[in-house]
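# Structure at a glance
Residues per chain are reported as follows:
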Amino acid sequence: MLAPNRGSAERPNISPERLLSLAAEVVNASPRAIGDLLEVLRREPAILGLLDHRLFEASSRSHFHSTAESYAQRAADASYMGEGNRQLARAVRASMAELVRSAPGGRIRILDVGAGVGAPTTVTLLRELASHSEGPLDLEICAVDHCREVVERTQALFDTSADEPEIGQWLASARCHMVDGSAMGFEAGSFDLVVCGFVLHHCNLLDKRDIVGEMLRVTRPGGLVALVDEFQDSGLHSHRYSGMSSCDTAGLECFVDLGGMVSIFESLARSTVIQARDGHEADGAWIMVAARRHPHAPTETSQAQSESD
Ligand SMILES: C[S@@+](CC[C@H](N)C(=O)[O-])C[C@H]1O[C@@H](n2cnc3c(N)ncnc32)[C@H](O)[C@@H]1O
């Protein structure tokens, strides 16, 4: 009986780049397709390197585009996210006096990476600072997100926030820009404090490292980086592809535990981790890491050199 010879079947003449851009279109249209698509594409070693970043990004952007309207309310309702952001805010508050002392003119420039609609991480932080501060604080807020819909909504919220009790003074002058956290384009050392809330589980393992590296690069020597992320260890998220797991809601998620996140910081060798905590709430789990940028951090060139040695 004749049977198809799978080994020698002719392949369509299509480049890895074209294949990926088609795959990204499918994911944009249907984020949940990512799990099945990865199962197929992972058999193509030639495209694996490209596949990670582009599909994660496309999946994440399309997910947050379609959920932007309801995001701010849902973020406030999710107790593990609320608690994680509060933990981050407390860790920052504990270092605030030192940050102000060492900041030129006492002004603290804050960057929120992957701010989300309404920048819940920043808002939680500002509330914490407002309710515990002993004197006026001079804060300048910059938020970034890679999803246009999120950026436009967040800027509109900032622009109408002057009357927000206690924190309106800071939010009203805040700016939100469309920027990919793994290549931010800000000058090195531009910020005193860089925060990031519940973003990294939407990024593959290499992108997580790139984003943490970018956060450290744009933080001034002696400044602070603090991030909180979701950590799922419930077993619901089966690992399907080299450390990634597919998720019902985002289409694509990739979790690391606290030890993994600390080791990402350590591998970059530009900071000292000053706090690392995790917590389990009824509806999810979080990990939080705060790190101080080395006061006399090596330049970008010597850092790259020392990593290659
Ligand atoms: C789960 S939300 C978190 C928002 C907010 N920080 C919070 O704690 O609620 C994740 C946000 O990160 C953004 N994001 C994901 N990957 C990103 C990337 N590579 N660069 C910039 N933003 C990114 C998404 O568009 C989304 O708005």
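Calculation notes
- Residues numbered from 1 in each chain as written.
- Predicted model: local features only at pLDDT ≥ 70, side-chain atom pairs only at ≥ 80, totals over all residues.
- Near = placed C-beta within 6 Å.
- Helix = DSSP H or I, 4+ residues; strand = E, 2+ residues; numbered from the N terminus.
- Nonpolar A, V, L, I, M, F, W, Y, C, P; charged D, E, K, R; others polar.
- Buried ≥ 20, exposed ≤ 12 C-beta atoms within 10 Å, placed from the backbone.
- pLDDT = per-residue confidence, 0-100.
- Contact = placed C-beta atoms within 7 Å.
- Pairing = 2+ DSSP bridges.
- Core = buried A, V, L, I, M, F, W, Y, C linked by C-beta atoms within 7 Å.
- Axes fitted to C-alpha atoms, helices over the stretch in contact; angles between N-to-C directions.
- Parallel < 35°, antiparallel > 145°, perpendicular 65-115°, else oblique.
- Left-handed = near helix turned anticlockwise from the far one by under 90°.

Moving on, we come to the site of the ligand. Around the ligand, 22 residues are found, and the nearest of them are Gly114, Gly116, His146, Gly181 and Gly197. Going through the elements one at a time, α3 (48–77), α4 (79–102) and α5 (120–132) are the ones with two or more residues in the shell around the ligand. When residues in the shell around the ligand are grouped by element, the largest group, three residues, is from α3. Residues of the shell around the ligand, tallied by class, amount to 10 nonpolar, 10 polar and two charged.

Mapping aspartate 180 onto the fold places it in the loop between β3 (175–178) and β4 (191–197). Since 19 C-beta atoms lie within 10 Å of it, aspartate 180 is described here as partly exposed. Between the C-alpha atom of aspartate 180 and that of valine 144, which follows or precedes it by 36 residues, the distance is 7.8 Å.

The subject of this paragraph is the confidence of the model for the protein. Of all residues in the protein, 72% have pLDDT values of 70 or greater, and the mean over the chain is 80. Taken together, the stretch residues 234–251 has pLDDT below 50 and engages in 39 contacts with residues farther than four places along the chain or on a different chain. Low pLDDT, under 50, characterises residues 301–309; the stretch is placed with three contacts to residues that sit more than four places away or in other chains.

With that settled, consider the pairing of strand β1 (residues 108–113). By the criterion of burial, β1 is predominantly enclosed, with six of the six residues buried. A two-sided burial pattern is seen for β1, the buried positions comprising Ile108, Ile110 and Asp112 on one face and Arg109, Leu111 and Val113 on the other. As paired strands, β1 and strand β2 (residues 139–145) are joined by six bridges and run parallel to one another. In the sheet register, aspartate 112 faces β2, and the bridge partner there is alanine 143. As judged from the four bridges shared by β1 and β4, these two strands associate in the parallel manner. Note that in β4 the partner of leucine 111 across the bridge is valine 194.

Attention now moves to the nonpolar core. Judged by nonpolar contacts, the single largest core of 64 residues is most densely connected at Leu88, Ile110, Val194, Val195, Met215 and Ala226. When residues no more than four places from it in sequence are discounted, the contact partners of leucine 88 are Thr121, Leu125, Val195, Gly197, Ala226, Val228 and Met288.

Two elements in contact, α4 and α5, have axes whose closest approach is 9 Å; the angle formed by their N-to-C orientations is 45°. In this view, α4 runs oblique relative to α5, as classed from their interaxial angle. Between α4 and α5 lies a crossing whose hand is right-handed. The residues of α5 that touch α4, namely those facing Asn85, Arg86, Leu88, Ala89, Arg90, Val92, Arg93 and Met96, are Pro120, Thr121, Thr124, Leu125, Glu128, Leu129 and His132.

With that out of the way, let us pick up the sheet that holds strand β8 (residues 271–281). Read across the sheet, seven strands follow the order β3-β2-β1-β4-β5-β9-β8 without closing on themselves; strand pairing throughout is mixed. Both edges of this open sheet fall to β3 and β8, since each of them pairs with a single strand only. Across the sheet, the mean angle from the axis of one strand to that of its neighbour is 15°, orientation sign disregarded. Bridge analysis of β2 against β3 gives four bridges, and the strand direction is parallel. In the sheet register, valine 144 faces β3, and the bridge partner there is histidine 177. Across the sheet, α5 is in contact with β1, β2 and β4; its angle to β4 comes to roughly 120°.

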